[in-house]
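Each chain is listed here by its residues.
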Amino acid sequence: MKKWMVLLIGILTIGFAKADEGMWLPQFLENLNEKRMQQLGMKLTAKDIYSINKGSLKDAIVSFGGFCTGEVVSEKGLVLTNHHCGFESIQKHSTLDKNYIRDGFWARNQTEELPNAGLYVTFIVRIDDVSAQVLKGVEPGMMENERQSRIDRNINELKKTTVLGDFENGFVSPFFDGNKYYLFITETFNDVRLVGAPPSSIGNFGQDSDNWMWPRHTGDFSVFRIYAGRNNKPAAYSPDNVPYIPKKALTISLKGMKQDDFTMIFGFPGRTTEYLPSEAVQQIVSVNDPAKIMVRDQALAVMKRYMRADEGLKIKYASKYAGIANAWKKWQGEVLGLTRTGGVQKKLDYEAAFTQRLNADNNLKNRYGTVLQDLNSAYKDIKPFGLTRDYYLETISKIELFVIINRLRTLKAATGKPNYEKEYAAARDKLTELYKNLSPTVDRDIFAALLPVYIEKQDPAFIAPVAKQQFEQYGKNYQQWAAALYGNSVFLDSAKVMEAIKTDPSALYALFDTDPAAQLVSGMAALYDTGITPKLNELQARINGLQRSYMQAQMEVLTDKKFYPDANSTLRVGFGKVDGYYPADGIKYDYYTYLYGVMEKYVPGDYEFDVPEKLRQLYRKKDYGRYGTNGKMPVCFIASNHTTGGNSGSPALDAHGNLVGINFDRVWEGTMSDVNYDASICRNIMVDIRYVLFIIDKYAGAGHLISEMKLTGGSGR
Ligand code: ARG
Ligand code: GLU
């Protein structure tokens, strides 16, 4: 009887394995996942998702600017992505009187669509396994740098022999910590125009308070259009370009989702580290995340104070604030989630099981004997240096005076080099951007808030002597210190700096030796570059080599486990089902939110929870058109798809491959899926496509865009 029970439970857990962890390479779905996906309800074949011989869903998916995902939804190159992915473009076109951030933007016709210098979208044409070519001549005992230069040479060789079509590009990326290499053939379009965006009170409703949270009520979408040359091929921006006719445009389903419905997310997840050893996970929870959170606490508090008081500063700092707050909040959720699900203990258990299996096989034991112990101990060695790195990088990147000075130092270093012109153009653009959105007052206060971390939280050996000296000199008073540096620095004078680098920067560079802010930056950099970086590099190389063997060992030892490669900004498929979760004891979260939830959160005039009058009106009249269901307007929903940063804007597809939502976030308690996915609390958040269409159609009156799209499943349920 007991035996039967065990067997039955065994079958159940295999058949209905709760988890559908993983970000899978689309070319391997057929072998690895197709069955499981169909078991979960998918009606497609793997070839419908990815094929190089016929049109497939992948032809509608783009990397949006390299940092987000987008999907093509019309035969005229219309692309949907998130509001926060399009935000930089929206911000660049915004002024105090044409405030698209606050009020939204809708082009009434194609001539009004706004070009965005530097923005591009990339399609994946095909993916090839090139591991054998790339790893040719790579031997087990090689030093890391020797190995890498061999690989670089092989990749260069490969590039020379790869036949590319017109307008195609190729790049090679490592997978499984360098055990595998794949070649991606791509096609990139550089004329991508802004078509529409809702006001932030819809597109970023709930802002930072609601960010990473469920229940969520954000209409996080924006609309762009790809333009091509008259031959329908990529072309630099020109007013003569025409809307791109895509190979594939997604069909949109108005049916909506219910409990356990199959969903998949097709996009470009940025970075995960799912195969770390326990010591590394331990450090994320107790050392690195807390350090970074603490520095950002300080910087954000300063920005917030000024942004709330001044609309102009709010525009200047909005994008920076959102970026800094985003990771800050994610790390907090990560610590919480790893703690709650026993992430470290789970790793220890996994390592015990791995070791047991390893030791049972003499052959494997000989090859990988101590790799896990060595890896854990390398992580122990890097711990103090990793902490200093976090403090240092967080500090110098949040104080913009430092960023400006460092940018100029880089430019100076390029003087006389063949690539100087390119460096100059890059520095000029970056500095123009920095100055445009800089308030010296805000920055001064950020300085005064962050230097205490650098001075007081660190091992004194890691503090630059000039920092100690200036700290003494200004009476150990951070405000006084800040006032002195910001009162006089030429580097805050944008006109002078821009003119100097354009004509003759020598006098400006001479100030590196006399300007106290520049002296401080140089001193901090010198200590870091000579005292920390070499050590970090050496330890990181050791870790990389060990992590690669450990990865290989896991795949050879745990042969019954399916492995997916860590995210690396390449095209992936995640799949799962619509489902709520238990965020804490006694609380169950449902999987859908509705417009009445927006109204429940509505706080008139609030900077995060205001709701535009027009939307309130539509709500009062229940004027939802064909997008509502049973008198309600759906807004967001969640599912168990494994996603990460970069998946923003990714299409959420149903069992038939129809577009049902746009991915934009994860739930706070589950952000540790980057390190250790746990099916009980890891959920991705999508805005329901019906809400997107409702806003475009009913709120913005841009029905002409809807007519471009192909809709199915009309009446709702
Ligand atoms: N957390 C989401 C992501 O990682 C959304 C960020 C944008 N929203 C915001 N309020 N900052 O990108
Ligand atoms: N908002 C994220 C992005 O910009 C997606 C959320 C996540 O990290 O999963 O890609």
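Structure report, in brief.

**With respect to the packing of aromatic side chains**
Okay, step 1: Using the criterion set out here, one finds 34 aromatic pairs in the structure.
Okay, step 2: Look at Y592 and F637: their rings are 5.4 Å apart centre to centre, the planes differ by 35°, and that puts the pair in the tilted class. Highlighted residues: Y592 in strand β17 (residues 592–594) and F637 in strand β18 (residues 634–639), separated in sequence by 45 residues.
Okay, step 3: The class for F637 is buried, based on a relative accessible area of 0%.

**Some thoughts on the pairing of strand β14 (residues 572–577)**
Looking along a regular strand, one sees the side chains alternate between the two faces of the sheet.
Okay, step 1: Of all six residues that make up β14, five are buried, and the element is covered over most of its length.
Okay, step 2: As paired strands, strand β13 (residues 262–267) and β14 are joined by six bridges and run antiparallel to one another. Across the sheet, M264 pairs through a bridge with F575, a residue of β14.

**Notes on the site of ligand 1**
Okay, step 1: Inspection of the region around ligand 1 gives H84, N204, Q207, D208, N211, W212, A322, N326, S648, F664 and D665 as its neighbouring residues.
Okay, step 2: Q207 is positioned such that a nitrogen or oxygen atom in its backbone is 3.4 Å from a nitrogen atom of ligand 1.
Okay, step 3: One nitrogen or oxygen atom from the side chain of N326 is found 2.8 Å from a nitrogen atom belonging to ligand 1.
Okay, step 4: Secondary-structure elements contributing two or more residues to the shell around ligand 1 are α10 (207–210), α12 (311–340) and β20 (659–666).
Okay, step 5: Of the residues in the shell around ligand 1, the class split is three nonpolar, six polar and two charged.

**Quick word on the pairing of β18**
Okay, step 1: Burial within β18 is extensive, with six of its six residues counted as buried.
Okay, step 2: Relative to β18, β17 runs antiparallel, the two being bridged by two bridges. By the bridge assignment for β18, Y594 is matched with P634.
Okay, step 3: Where β18 meets strand β21 (residues 684–688), four bridges bridge the pair, whose relative direction is antiparallel. Across the sheet, the residue bridging to C636 is V687, located in β21.

**Here we look at the nonpolar core**
Okay, step 1: Ranked by size, the top nonpolar core spans 220 residues in total, and within it M264 and Y691 carry the most contacts.
Okay, step 2: Among the elements that take part in this core, helix α23 (residues 516–557) stands out by supplying 16 residues, more than any other.
Okay, step 3: Listed in part, the 12 residues of the second largest apolar core include V134, L158, V172 and L183.

**Quick notes on the side chain of K292**
Okay, step 1: Within the fold, K292 resides in helix α11 (residues 278–309).
Okay, step 2: Summary of buried charges: K292 has no salt-bridge partner, and the nearest side chain of opposite charge, D289, is 4.0 Å away.
Okay, step 3: Not counting the four nearest positions on each side in its chain, K292 is found in contact with W331, D390 and E394.

**Some points on the packing of helix α15 (residues 371–398) against α23**
Okay, step 1: Contact geometry of α15 with α23 gives a least axis separation of 8 Å together with a crossing angle of 145°. For the element pair α15 and α23, the recorded crossing hand is left-handed.
Okay, step 2: Its residues assigned to classes, the contact of α15 with α23 comprises 20 nonpolar, six polar and five charged.

**A short note on the state of the cysteines**
Okay, step 1: Taken as a whole and judged by the stated rule, the model has one disulfide.
Okay, step 2: Looking at C636, it has no disulfide partner, and the nearest cysteine sulfur is the one in C85, 14 Å off.
Okay, step 3: Judged by relative accessible area, which is 0%, C636 ranks as buried.
Okay, step 4: In this model C682 remains outside any disulfide bridge; the closest cysteine sulfur is found in C636, 18 Å from its own.

What counts and how
Residues numbered from 1 in each chain as written. Chains lettered and ligands numbered in written order. Predicted model: local features only at pLDDT ≥ 70, side-chain atom pairs only at ≥ 80, totals over all residues. Heavy atoms only, no water. Phe/Tyr/Trp six-rings, centres within 6.5 Å; stacked < 30°, edge-to-face > 60°. Helix = DSSP H or I, 4+ residues; strand = E, 2+ residues; numbered from the N terminus. Buried < 20%, exposed > 50% of the residue type's maximum accessible area, 1.4 Å probe, protein only. Pairing = 2+ DSSP bridges. Near = heavy atom within 4 Å. Polar contact = N/O pair within 3.5 Å; in protein donor to acceptor, adjacent residues only side chain to side chain. Nonpolar A, V, L, I, M, F, W, Y, C, P; charged D, E, K, R; others polar. Core = buried A, V, L, I, M, F, W, Y, C linked by side-chain atoms within 4.5 Å. Lys, Arg positive; Asp, Glu negative; His and termini not counted. Salt bridge = Lys/Arg side-chain N within 4 Å of Asp/Glu carboxyl O. Contact = heavy atoms within 4.5 Å. Axes fitted to C-alpha atoms, helices over the stretch in contact; angles between N-to-C directions. Left-handed = near helix turned anticlockwise from the far one by under 90°. Disulfide = S-S within 2.5 Å.

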